[in-house]
Every structure is written in structure tokens, then in C-alpha cells.
Amino acid sequence: MKFRKNLSVLLCILLSCLCFAGCNGVDDYPVSVGGTNITKQPQKVVAFSEQAASAIFALGYDSYLVGAPAEFLETEIAGITNIGYTRFVDFEKVYDLKPDVVIVPGQLEASYLESMKLRDIAVVTLETPTKYSEIGPYYLALSKLFLGNNNYSEAYDACGDREVHREEEREECQALQ
């Protein structure tokens with residue numbers, strides 16, 4: 001009798017664990033970001049632009065950032081390697097970091113793309129926003145990269161953390177929500 005009770009409790013615990021295991025974000029991947037299929041949540045990311053590195057920090061994903069350009073790293077930040085300048089990236093430093101993903105602001109030369117592919121480094125191309133209306137989608141794309149399909153829309157409220165003064169900005173901001 002006691003054996004059955006213990007077995008029942010054990011089975012309940014096991015089933016609960018299996019149910020919760022299904023909720024851990026496994027179904028959130030793969031995602032497509034910047035035209036690249038990402039199969040799992042990246043753990044090590046290198047940003048090739050100051051804007052991408054800044055956005056990663058603003059969104060709170062800085063613990064994933066292992067490399068950033070000199071323009072972003074005016075002062076040393078623990079755990080983040082200086083990879084050179086946006087237009088003059090030191091690819092050997094990038095390769096040494098063994099990132100899962102690099103975020104680039106434009107197209108890379110074919111030889112660098114091939115080299116990244118050989119090293120199993122996903123290249124996500126996210127054009128740097130040039131208009132206010134492009135900032136929200138840019139942040140959402142980064143959130144999708146780090147959070148997967150099911151959670152990224154909750155990650156960034158384009159207007160919630162600041163006061164919008166100009167009417168034009170207010171309209172653009174409302175259009176993003």
C-alpha cells in the first residue's frame with residue numbers, strides 16, 4: 001500500500017516536471033531574424049555596430065554580449081571584448097570568441113560569410129535604424145533573437161519608458177504599439 005502511494009507521488013512529480021519542461025521555451029525556436037534562421041537561444045553574441053550593442057544593453061540582454069566595436073566600448077566593460085571598429089572589425093578576435101550569433105548592420109563580404117558558416121556562427125543582418133519609426137521593429141527583432149517566437153512581443157514597449165514631447169513622435173510611437 002505504501003509502495004503504491006509513493007509510486008503515485010513519484011509519478012505525479014514526474015508528470016509535473018514533464019509539463020513544466022514543455023514550458024521552458026524549447027518551442028520558441030527556431031526563429032527567423034534578419035533573414036537568418038536561429039535554431040536555439042544564443043548564449044554568446046557579438047555586435048558589429050555601436051547601435052546594436054547599445055540596443056542589446058537597453059533591452060537587458062547584455063549578459064549575452066561577448067564582443068562589441070570600439071565605438072561602443074569607450075570604457076572597458078567586463079566580459080565584452082573590443083573587436084575593433086565597425087568598419088574595421090578584427091575577425092580573428094570574433095572567431096576566438098566563438099559566438100553563436102553575430103549581428104551586422106549590413107552585408108558581409110562572401111569570404112567572411114563563408115568563414116562564419118564554417119565556424120557555425122549565425123550572421124544576423126539588422127540594418128541600423130535611421131528613422132524613429134524603425135526603432136521599435138529593430139528592438140523587436142533583437143528581442144525575438146534572444147527570447148524566441150512566443151515571448152518577444154512582450155519585451156519592448158516603444159513608448160512606455162519615456163515622455164514623448166513632439167506630436168510627430170507621439171504619432172509614430174502610437175503606430176508602433
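If you're wondering where the values come from, they're calculated on a predicted model, not measured in any experiment.

1. Some remarks on the packing of aromatic side chains
Two aromatic rings, taken as a pair, are described by how far apart their centres are and by the angle between their planes.
Reasoning step 1: The tally for this structure, following the rule as stated, stands at 7 aromatic pairs.
Reasoning step 2: For the ring pair Phe57 and Phe72, a centre distance of 5.4 Å and an interplane angle of 50° mean the geometry is tilted. Of this pair, Phe57 sits in helix α2 (residues 50-59) while Phe72 sits in the loop between β4 (65-68) and β5 (81-82), and the two are 15 residues apart along the sequence.
Reasoning step 3: Judged by its relative accessible area of 16%, Phe72 falls in the buried class.
Reasoning step 4: Clustering of aromatic rings is evident, with ring pairs tying together Phe48, Phe91, Tyr95 and Tyr112.

2. With respect to the environment of Met116
Reasoning step 1: Relative to the assigned elements, Met116 resides in helix α4 (residues 110-118).
Reasoning step 2: Excluding residues within four positions of it along the chain, Met116 makes contact with Phe48, Phe91, Val94, Tyr95, Val102, Leu108, Ile121 and Val123.

3. So, the pairing of strand β9 (residues 122-125)
Reasoning step 1: Neither face of β9 is left uncovered, since the one carrying Ala122 and Val124 and the one carrying Val123 and Thr125 both have all their residues buried.
Reasoning step 2: In this region the chain leaves strand β8 (residues 101-104), passes through α4 and returns to the parallel neighbour β9; the handedness of that crossover is right-handed.

4. Points about the nonpolar core
Reasoning step 1: Ranked by internal contacts, the top residues of the largest apolar core, which has 29 residues, are Ile56 and Ile103.
Reasoning step 2: Contributing elements (two or more residues each) for this core: β1 (31-33), β3 (45-47), α2, β4, β8, β9 and α5 (132-147).
Reasoning step 3: Residues contacting Ile103, with those up to four places away along its chain left out, are Val45, Val46, Ala47, Phe48, Ser49, Ala52, Ile56, Val124, Leu126, Leu142 and Leu145.
Reasoning step 4: In terms of nonpolar packing, the next biggest core, distinct from the first, is built from 15 residues, Val46, Phe48, Ile83 and Ile121 among them.

What counts, and at which threshold
Starting afresh in each chain, residues are numbered from 1 along the sequence in its written order. Local features in this predicted model are restricted to residues of pLDDT 70 or higher, and side-chain atom pairs are both shown and tallied only at a pLDDT of 80 or more, whereas totals for entire chains, interfaces and linings draw on every residue. The side-chain numbers reported here are obtained from all heavy atoms of the structure, hydrogens and water having been left aside. Each Phe, Tyr or Trp ring, with Trp reduced to its six-membered ring, pairs with another whose centre is within 6.5 Å; inter-plane angles below 30 degrees give stacked pairs, above 60 give edge-to-face pairs, and intermediate values give tilted ones. The secondary structure listing takes helices from DSSP runs of H or I that are at least 4 residues long and strands from runs of E that are at least 2 residues long, numbered from the N terminus. Residue burial is assigned from relative accessible area. The probe radius is 1.4 Å, only protein chains are included, and a residue is buried under 20% of its type maximum, exposed over 50%, and partly exposed in between. Contacts are assigned to residue pairs that have any heavy atoms within 4.5 Å of one another. Look down the strands so they point away from you; if the path from the first strand over the helix to the second goes clockwise, the crossover is right-handed. What we call a nonpolar core is a set of buried Ala, Val, Leu, Ile, Met, Phe, Trp, Tyr and Cys residues that are connected through their side-chain atoms within 4.5 Å.

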